[in-house]
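The chain contents come next:
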Protein chains: 2
Amino acid sequence: MRANHPNLKTAAVEKSSHREYFNIAVSVDCVIFGYEDKELRVLLIKSDLEEFSGLFSLLGDLVRPDEDLDAASYRVLKERTGLDDVFLQQVHTFGAVKRHPSGRVVSTAYYSLVNIHNHKLNIDCHDLHWHPVQTIKKLAFDHKQILDTCLNMLREQIMDHPVVHNLLPEKFSLRALQELYEAILGTSLDRRNFRKKIALKSWLSELDELEEDVTHRPGKLHKFKTKALKISAPKKN
Amino acid sequence: MRANHPNLKTAAVEKSSHREYFNIAVSVDCVIFGYEDKELRVLLIKSDLEEFSGLFSLLGDLVRPDEDLDAASYRVLKERTGLDDVFLQQVHTFGAVKRHPSGRVVSTAYYSLVNIHNHKLNIDCHDLHWHPVQTIKKLAFDHKQILDTCLNMLREQIMDHPVVHNLLPEKFSLRALQELYEAILGTSLDRRNFRKKIALKSWLSELDELEEDVTHRPGKLHKFKTKALKISAPKKN
DNA sequence: ATCCAATGTGTTCTATAGACACAAACCTAT
DNA sequence: ATAGGTTTGTGTCTATAGAACACATTGGAT
């Protein structure tokens, strides 16, 4: 244990004498959620590390020296999905010494919500795919834990913030919205209570259009009034 | 923009070819809250950086290569206060390129709650002091923003988790508890509603002892049943 | 015309939040 | 001992939100 407590200046400025502090790499990992076939999905890539062969991992990259942390997660997202007008939120930073087998990497996790169908997918490299969240048992590194943490955050936030608009088409029925909530929460919801609760939030505008191509009575279409890209105040109501 | 997306292995293992990614320093900053004279306080240190002379800053340090991120914040806390059985919680990671004038530093903020009177303060270096939170207008670097973020987190969490036991003596009156909540929240609370709400949480045991040395009718003393050091599930009820 | 499947709607019950008042207890000063 | 001061301890009313729950209506399909 050092007798004195060097502050940031000491170590950050006099790099030569404290070189060892830069042996920590900084990365971001993005939990990119999508929604398809009434299932919540997450964008994964086949891990190419020897130790984790066969496993998938989240999308991440090292943060560049001239790049803000948030910008790095935006970059990863844009490189992979071509989208840049999406919801993106920092969740937690994972910094265990041994979390990465190849060296010390501190990684900040973000989650985002994108419309699987909207984006001009850069899934040319077909190691990428949208995997149903429910069926994920194991991921490379500590990525399963990161996924779980982000999923919990998502589940908390959808009740207070209209973030899920990113996962739906412009116009949607209340039933489609409820199915999305059920997919995210992993539970079933009472239809009447759900509609009441959503109505109270005043997030939606009711349109004069009806569903089409349904084999039953069509419901009215709705759309979100707001398009929040970030949760400004991470508070409860 | 790179054509391919190097993954962590590429950059973290082959250090020689990606040395630049290690020019980011990783640090922790601790927002250490205390409570004295019915005021919420935070432990600050006089910044010795030229540009910020006269300003105070939070307690932080670089993360060591062989040290977990959480462990680094525990270490900072222990070095400064001598305490290691305290509540400590990660809040957010700040990673703007220009947040630190001396170089690129990504810093993860933690907040903790300690009893100002309990600890054998390592405040021998008397640049340290407990500053009332209310009167803090400006801090070095982005530390004011970090403080605000942590204070918001604290305010959210005290309603759902019995974390404030760290700020009180073993035995306390309900009035003392309410004054603490009012100091943290920056508002005044209705006494009856406060007692009712606290009773509902079942966090406290009522003792058979009374306050002493008060100039009025003494209240019953209470103590916390649990001593949570970490918030296990960062969920709402 | 009938069947089918989903829409659209309201009440009851329970729990929690907020506003609000008064009697009892202990201390102090006389 | 008595009276005055200050705080404790307690309960009701109202409003709001969550959870459980049923039925008539609509449009499509046959």
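Residues numbered from 1 in each chain as written. Chains lettered and ligands numbered in written order. Predicted model: local features only at pLDDT ≥ 70, side-chain atom pairs only at ≥ 80, totals over all residues. Heavy atoms only, no water.

Before going further, it helps to examine the protein's contact with DNA strand C. Taken together, 19 residues lie around DNA strand C, and Arg175, Arg192, Arg195 and Arg217 of chain A together with Arg192 of chain B are the ones closest in. Per the 4 Å cut-off to the protein, sugar and phosphate atoms form 42% of the nearby atoms of DNA strand C. Interatomic distance of 3.2 Å between a side-chain N/O atom of lysine 196 of chain B and a base oxygen of DNA strand C. Mapped onto the surface near DNA strand C, the elements with two or more residues apiece are α5 (191-201) of chain A together with α5 (191-201) of chain B. Classifying every residue of the surface near DNA strand C gives 2 nonpolar, 5 polar and 12 charged. (Near = heavy atom within 4 Å. Polar contact = N/O pair within 3.5 Å; in protein donor to acceptor, adjacent residues only side chain to side chain. Helix = DSSP H or I, 4+ residues; strand = E, 2+ residues; numbered from the N terminus. Nonpolar A, V, L, I, M, F, W, Y, C, P; charged D, E, K, R; others polar.)

Another aspect to go through is the pattern of salt bridges. Applying the stated criterion across every chain, the model contains 26 salt bridges over all chains. The salt bridge involving aspartate 84 of chain A is made with lysine 78 of chain A; its shortest N-O contact spans 2.9 Å. The partner of lysine 220 of chain B in a salt bridge is glutamate 206 of chain B, and the shortest N-O contact between them spans 3.3 Å. Of this pair, lysine 220 of chain B sits in strand β10 (residues 220-224) while glutamate 206 of chain B is found in strand β9 (residues 204-210), placing the two residues 14 residues apart along the sequence. On the basis of relative accessible area, lysine 220 of chain B is assigned to the partly exposed category, the value being 45%. Each member of the salt-bridge network shares a partner with another, and the members are Asp61, Glu67, Arg75 and Glu79 of chain A. (Salt bridge = Lys/Arg side-chain N within 4 Å of Asp/Glu carboxyl O. Buried < 20%, exposed > 50% of the residue type's maximum accessible area, 1.4 Å probe, protein only.)

Let us now look at the packing of aromatic side chains. A complete count under the given rule lists 8 aromatic pairs over all chains for this structure. For the pair phenylalanine 172 of chain A and phenylalanine 224 of chain A, a centre-to-centre distance of 5.4 Å together with 40° between the ring planes defines the contact as tilted. In this pair, phenylalanine 172 of chain A sits in strand β8 (residues 172-173) while phenylalanine 224 of chain A sits in strand β10 (residues 220-224), placing the two residues 52 residues apart along the sequence. Of the two residues, phenylalanine 172 of chain A and phenylalanine 224 of chain A, both sit in the buried class. Taking the centre distance of 5.4 Å and the plane angle of 55° together, the rings of phenylalanine 87 of chain B and tyrosine 111 of chain B count as tilted. In this pair, phenylalanine 87 of chain B sits in strand β5 (residues 87-94) while tyrosine 111 of chain B sits in strand β6 (residues 105-113), placing the two residues 24 residues apart along the sequence. Among the residues examined, phenylalanine 87 of chain B registers a relative accessible area of 0% and is labelled buried. These aromatic residues form a ring-pair network of at least three members: Phe33, Phe87 and Tyr111 of chain A. (Phe/Tyr/Trp six-rings, centres within 6.5 Å; stacked < 30°, edge-to-face > 60°.)

Each strand in a sheet pairs with another by means of backbone hydrogen bonds, the pair being arranged parallel or else antiparallel. All names here are of chain A. If you trace the 3 strands from one edge of the open sheet to the other, you get β8-β10-β9, paired in antiparallel fashion. Both outer strands of the open sheet, β8 and β9 (204-210), are each paired with one neighbouring strand and no more. Pairing geometry for β9 and β10, over 4 bridges, is antiparallel. Paired with leucine 210 across the two strands is lysine 220, which belongs to β10. (Pairing = 2+ DSSP bridges.)

Moving on, we come to the protein's contact with DNA strand D. Residues in contact with DNA strand D amount to 18 residues; listed here are only the nearest, Arg217 of chain A together with Arg175, Arg192, Arg195 and Arg217 of chain B. In DNA strand D, atoms within 4 Å of the protein come from the sugar-phosphate backbone in 40% of cases. Asparagine 193 of chain A is positioned such that a nitrogen or oxygen atom in its side chain is 2.9 Å from a base nitrogen of DNA strand D. Contact between DNA strand D and arginine 217 of chain B: a base oxygen at 2.7 Å from a side-chain N or O atom of the residue.

Attention shifts here to the pairing of strand β7 (residues 128-132) of chain A. All names here are of chain A. Judged by how many residues are buried, β7 sits mostly within the fold: 4 of 5 residues are covered. Inspection of the sheet shows strand β2 (residues 39-46) paired to β7 by 5 bridges, in the antiparallel sense. By the bridge assignment, leucine 44 is partnered in β7 with histidine 129.

Glancing now at the state of the cysteines. Residue and element names in this part refer to chain A. Under the counting rule described, the total for this entry stands at 0 disulfides over all chains. There is no disulfide at cysteine 30, and the cysteine sulfur nearest it, in cysteine 150, is 9.1 Å away. According to the relative accessible area criterion, cysteine 30 is buried, its value standing at 0%. (Disulfide = S-S within 2.5 Å.)

Before going further, it helps to spend a moment on the confidence of the model for chain A. Residue and element names in this part refer to chain A. When the pLDDT values of chain A are averaged, the result is 87; 82% of them are 70 or greater. When mean pLDDT is taken per element in chain A, helix α4 (residues 174-185) scores highest with 98 and helix α1 (residues 8-13) scores lowest with 42. Below a pLDDT of 50 lies the segment residues 1-19, which in the model reaches 30 contacts outside its immediate sequence neighbourhood of four places, other chains included. The low-confidence segment residues 233-237 (pLDDT under 50) makes 10 contacts with residues lying over four places distant or belonging to another chain. (pLDDT = per-residue confidence, 0-100. Contact = heavy atoms within 4.5 Å.)

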